[in-house]
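Okay, here's what each chain looks like letter by letter:
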Amino acid sequence: MLPQIPNESPISIFWFRRDLRLADNAGLHHAFRSGNPVLPVFIFDKNILGKLEDKEDRRVEFIYHFIKKIKKALEDEGSTLLVLHDEPELAFEKIIAEYNIQSVYTNHDYEPYSIERDEKIRKFLIEKGVAFHTFKDQVVFERFEVIKPAGEAYTIFTPYSKTWKYKFHGRSFTEYKLEMDEFLITDPMPLPTMEDIGFKATGLKIEDPVIREDIIKTYHQTRDYPAQEGSTKLGVHLRFGTLSIRKLVKLAAKLNETFLNELIWREFFMSILYHHPRIVTESFKVQYDRIQWLNNPEDFKLWCEGQTGIPLVDAGMRELNATGHMHNRVRMVAASFLTKNLLIDWRWGEAYFAAKLLDYELASNNGNWQWASGTGCDAAPYFRVFNPETQQEKFDPEFKYIKQWIPEYGTKNYIKPMVDLEESRERCLATYQKTVGLA
Ligand SMILES: Cc1cc2nc3c(=O)[nH]c(=O)nc-3n(C[C@H](O)[C@H](O)[C@H](O)COP(=O)(O)OP(=O)(O)OC[C@H]3O[C@@H](n4cnc5c(N)ncnc54)[C@H](O)[C@@H]3O)c2cc1C
């Protein structure tokens, strides 16, 4: 049984997913225009949560925090948020059975699971005479908006970004207004606890998104230095929509081209995933799926634990394990080391990052792993094997980052390198060469 609402008049539903904010929310804005009071809903999706092995998952805690905040803001104004823990299809069966719903509003989601889920829900709602409206919200340009003149999707970043910028030029976004009096007035509804949904709090420190203009302005000079506060740490807020991408892109376009390019990479990888969903399991360049990976489980374990004896890799993996974050430069080095020096399948590394990263996002994670391993659409060439020592000399010259995460660095307690960097590089080149030779 769902909580009661005051009367039988028709209402609209707004379904929050990866857009966990009230302000400047496209789908929510359109729900306000429906002419009916809006009941917002969030579903802790059992299909997704059930697959998370670690029941102390920082991402679940992050979502929970913002759901609680949205609910409180709505309740302060006499409305509420319906929070369910269910499979989305079952949740909608219950919602439709209980309330007089005229239409459901939500924002587009481009991942294969979400596309399939939304299609099932659309069909179900239509059968029940309920309209299902979805809107673009998590990107500036989506699906078929940045494509080649002949209508194909781009697979190379530079022409994609040129077209993206051409389309963007001169565009201004008006913030979608929050209309609190359009929400359904009703009693507060219950909120399941973290334990009710099968998780435990981890004590993660969660803050509202803060856009640091000072960091964005100097981003091109500072972003590669892991010991500096040189990147925005907004990834998790973009991932869960606690920050509007339109707001950030507007600033990026004004303040820093390099930063804008990174936001375009994010949309590029989303476009790649949308047009080539097979990359979830396959290499973009199919011939690279013939690489003879060594896939040594003990080597993989050392990498996961930050016990490889390669300082920059270990520092990064330890940062990831301790915080859920890893600096981008170090992500590239750690991914190159795993796939090239250790010859471990990029899918193993991708899955580990997917389990640990607070800002985990399927399109960007997959795109960057395939980039680093050389298997992706616009990837680093296979013969570009990052040298973690040279990378450290350039980007952590005083070992500040390394010492922050490896307290025993420089003492006899720090382990010896698990592989010789030069020999493992040669082995990588020979292995990839065989595959590329077959292409
Ligand atoms: C192996 C590997 C795996 C990665 N996995 C993810 C992931 O799961 N989720 C994710 O959001 N990013 C991923 N990235 C990209 C990048 O490392 C992170 O976006 C960035 O480090 C997040 O830190 P930040 O929020 O301070 O970003 P900033 O450097 O301040 O950049 C701002 C935003 O731009 C976007 N961005 C920046 N760099 C990239 C990039 N290379 N590709 C796509 N978008 C980018 C992100 O949304 C980021 O939050 C991965 C990179 C590598 C090499």
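The model shown is predicted, which means the values in this text are computed figures rather than measured ones. (Residues numbered from 1 in each chain as written. Predicted model: local features only at pLDDT ≥ 70, side-chain atom pairs only at ≥ 80, totals over all residues. Heavy atoms only, no water.)

### Considering the packing of aromatic side chains
The full count for this structure, using the stated rule, is 36 aromatic pairs. With 5.7 Å between their ring centres and 50° between their planes, F268 and F269 make a pair best called tilted. Just as F268 is buried, F269 falls in that class too. Seen from their ring centres, W303 and F353 are 6.0 Å apart, and the 15° between their planes marks the pair as stacked. Placement of W303 in helix α12 (residues 297-305) and of F353 in helix α15 (residues 346-356) is noted, with a sequence separation of 50 residues between them. With respect to class, W303 is no different from F353; both count as buried. Grouped by ring-pair contacts, the aromatic residues Y154, F157, Y160, W265, F268 and F269 constitute a single cluster. For the cation-ring pair, R278 lies above F284, with the distance from its terminal atom to the ring centre recorded as 5.4 Å. Positioned above the aromatic ring of Y288, the side-chain terminus of K285 is 5.0 Å from the ring centre. (Phe/Tyr/Trp six-rings, centres within 6.5 Å; stacked < 30°, edge-to-face > 60°. Buried < 20%, exposed > 50% of the residue type's maximum accessible area, 1.4 Å probe, protein only. Helix = DSSP H or I, 4+ residues; strand = E, 2+ residues; numbered from the N terminus. Lys NZ or Arg CZ within 6 Å of the ring centre and 35° of its normal.)

### Some words on the environment of I185
Of note, I185 is situated in the loop between α6 (157-168) and α7 (213-217). Once the C-alpha coordinates of I185 and K416 are considered, the two residues, 231 residues apart in sequence, prove to be 64 Å apart. Sequence-distant contacts of I185, that is, excluding residues within four places in its chain, are made with P6, E77 and G78. (Contact = heavy atoms within 4.5 Å.)

### Re the sheet that holds strand β2 (residues 38-45)
Adjacent strands of a sheet pair through backbone hydrogen bonds, lying either parallel or antiparallel. Read across the sheet, five strands follow the order β3-β2-β1-β4-β5 without closing on themselves; strand pairing throughout is parallel. The sheet is open, and its two borders are formed by β3 (82-86) and β5 (131-135), each paired with just one other strand. Going across the sheet, the axis of each strand differs from the next one's by a mean of 25°, ignoring polarity. Sheet contacts for helix α3 (residues 58-76): β1 (11-16), β2 and β3; angle to β2, the most-contacted strand, approximately 165°. (Pairing = 2+ DSSP bridges. Axes fitted to C-alpha atoms, helices over the stretch in contact; angles between N-to-C directions.)

### Focus on unusual backbone geometry
One non-glycine residue with positive phi stands out, namely D24, at about 45°. Among the secondary structure elements, D24 is positioned in the loop between β1 and α1 (26-32). The buried category is assigned to D24, whose relative accessible area is 6%. For F399, which is not glycine, the phi torsion reads 60° and is therefore positive. When you line up the elements, F399 lands in the loop between α17 (388-395) and α18 (400-405). When its relative accessible area of 24% is taken as the criterion, F399 is described as partly exposed.

### Here's the deal with the layout of surface pockets
Space left empty within the atom packing is revealed by a probe, the size of a water molecule, rolled over the atoms. Quantified by volume, the largest pocket comes out at close to 1,300 Å³. Lining the largest pocket are 39 residues; nearest its centre among them are I48, L52, E111, R239 and Y360. Broken down by class, the residue content of the lining of the largest pocket amounts to 21 nonpolar, three polar and 15 charged. Counting only domains with at least three residues in the lining of the largest pocket, you end up with domain 1 (11-137) and domain 3 (280-438). Of the volumes computed, that of the second largest pocket is approximately 1,100 Å³. Around the second largest pocket, the lining comprises 38 residues; the ones closest to its centre are Y219, E262, N328, R331 and N368. In terms of residue count, the dominant contributor to the lining of the second largest pocket is helix α11 (residues 257-275) (seven residues). (1 Å grid on protein atoms, 1.4 Å probe; cavity = no way out; pocket = protein on both sides within 12 Å on 5 of 7 lines; lining within 4 Å. Points joined across faces, edges and corners; volume = space filled by probe spheres on them. Nonpolar A, V, L, I, M, F, W, Y, C, P; charged D, E, K, R; others polar. Domains from an automatic or database assignment.)

### Quick word on the environment of F395
Relative to the assigned elements, F395 resides in helix α17. Sequence spacing of F395 and D224 is 171 residues, and the spatial spacing of their C-alpha atoms is 6.4 Å. Filtering out sequence-adjacent residues up to four positions away, F395 remains in contact with D224, Y225, P226 and R329.

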